[in-house]
Amino acid sequence: MGLFDRFRKRRKPGTLRGSSNDDTDHLMAWARQRRGVEAYVEPKTTVTETTVVLIAHDGEWTRRRVDGPEGARKLGRKLGIPVYDVALVGYPRRMREYTERQRVLKKRAQRDELGG
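Throughout, a residue's number is its position along its own chain's written sequence, starting from 1. Two thresholds apply to this predicted model, a pLDDT of at least 70 for residue-level local features and 80 or more for giving and counting side-chain atom pairs, whereas whole-chain, interface and lining totals are computed over all residues. Computation of side-chain values covers all heavy atoms of the structure but excludes hydrogens and water.

(A) Spatial organisation of the overall build of the chain. Secondary structure is summarised from DSSP: a helix means a run of H or I of at least four residues, a strand means a run of E of at least two, and numbering begins at the N terminus for each. When helices and strands are counted, the chain shows four helices and four strands. Going residue by residue from the N terminus, the α and β elements of the chain occur as α-β-β-β-α-β-α-α. Across the 116 residues in the chain, those meeting the buried criterion constitute 28%. The contact rule is simple, with two residues in contact once any of their heavy atoms fall within 4.5 Å. Across the chain, every contact between residues at least 6 apart in sequence was considered, and the portion connecting residues at least 24 apart equals 57%. Here's how the labels work: a residue is buried when its accessible area is under 20% of the maximum for its type, exposed when over 50%, partly exposed in between, all with a 1.4 Å probe on protein chains only.

(B) Structural detail: the sheet that holds strand β3 (residues 61-65). Judged by pairing direction, the sheet is mixed, and its four strands sit side by side in the order β3-β2-β1-β4 without closing on themselves. Two strands in the sheet have a free side with no partner beyond their single neighbour: β3 and β4 (83-85). Shown here is a sheet whose adjacent strand axes are inclined to one another by a mean of 25°, direction ignored. Of the strand pairs in this sheet, strand β2 (residues 51-55) and β3 are connected by five bridges, and their pairing is antiparallel. Counted as the bridge partner of Leu 54 is Thr 62 from β3. Axis definition: a line fitted to C-alpha atoms, over the contacting stretch in the case of helices. Angles run 0 to 180 degrees between N-to-C directions. Its contacts with the sheet put helix α1 (residues 21-32) on β2 and β3, and the angle it makes with β3 is roughly 155°. Where helix α2 (residues 68-79) meets the sheet, its contacts fall on β1 (38-42), β2 and β4, and the angle it forms with β4 comes to roughly 155°. Should DSSP find at least two bridges between two strands, the strands are taken to pair.

(C) Molecular detail of the environment of Gly 59. Structurally, Gly 59 is set in the loop between β2 and β3. What makes Gly 59 buried here is its relative accessible area of 0%. For the pair Gly 59 and Arg 96, spaced 37 residues apart in sequence, the C-alpha to C-alpha distance is 7.4 Å. In this view, Gly 59 contacts Arg 94, Met 95 and Tyr 98; residues no more than four positions away in its chain are not counted.

(D) Looking closely at the pattern of salt bridges. When a carboxyl oxygen of Asp or Glu is within 4 Å of a side-chain nitrogen of Lys or Arg, the pair counts as a salt bridge. This structure, assessed with the given rule, holds seven salt bridges. Arg 77 is the partner of Glu 70 in a salt bridge, and the nearest nitrogen-oxygen pair spans 3.1 Å. The partly exposed category is assigned to Glu 70, whose relative accessible area is 42%. Residue classification places Arg 77 among the exposed residues on the basis of a relative accessible area of 57%. Each of Glu 70, Arg 73 and Arg 77 takes part in one network of salt bridges that share partners.

(E) Spotlight on the packing of α1 against α2. The N-to-C vectors of α1 and α2 enclose an angle of 35°; their axes lie 11 Å apart at closest approach. Judged by the sense of rotation from one axis to the other, the crossing of α1 with α2 is right-handed. Residues Leu 27, Met 28, Ala 31 and Arg 32 of α1 lie in contact with α2, whose contacting residues are Leu 75, Lys 78 and Leu 79. For the contact of α1 with α2, the class distribution of residues is five nonpolar, no polar and two charged. When the near helix sits turned anticlockwise from the far one by under a right angle, the crossing is termed left-handed; a clockwise turn instead gives a right-handed crossing. The classification used treats Ala, Val, Leu, Ile, Met, Phe, Trp, Tyr, Cys and Pro as nonpolar, Asp, Glu, Lys and Arg as charged, and all other residues, Gly among them, as polar.

(F) Seen up close, the layout of surface pockets. Space inside and on the surface of the protein is sampled on a 1 Å grid over the protein atoms alone, with a cavity defined as a set of points where a 1.4 Å probe fits but cannot get out and a pocket as an open set with protein on both sides within 12 Å along at least 5 of 7 lines; lining residues have an atom within 4 Å of a point. Grid points are joined across faces, edges and corners, and a volume is the space filled by probe spheres set on the points. Taken as a whole, the largest pocket spans an internal volume of roughly 240 Å³. Looking at the largest pocket, it is lined by eleven residues, and the ones nearest its centre are Thr 24, Asp 67, Gly 71, Lys 74 and Leu 75. Contributions of two or more residues to the lining of the largest pocket are made by α1 and α2. Among the elements that line the lining of the largest pocket, the one with the most residues is α2, at four residues.

Okay, structure coming up:
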């Protein structure tokens with residue numbers, strides 16, 4: 001148990017964590033530092049609240065919780081970016097390609113680190 005653990009708010013087991021100002025701040029800063037950003041709203045599940053995935057022109061992406069679909073649309077309006085429902089349109093190919101490139105680069109770096 002950490003020194004400050006007793007001061008943290010404790011949630012009941014089985015309750016979902018909602019979005020926070022940190023989530024919103026991260027999304028805002030991330031989007032402002034990249035170009036061609038689009039937002040993809042992911043529906044609430046039994047495990048997580050509604051989330052939004054921001055995807056840049058090159059496929060780089062980030063995901064955070066938002067205050068429901070309306071919170072994602074509000075964020076999109078604030079940033080001036082399009083907002084899509086991932087259940088209707090799916091994820092763009094560039095996101096999958098970016099993730100694959102990162103996996104290959106990580107694997108290559110690990111191999112080089114081992115001297116192979």
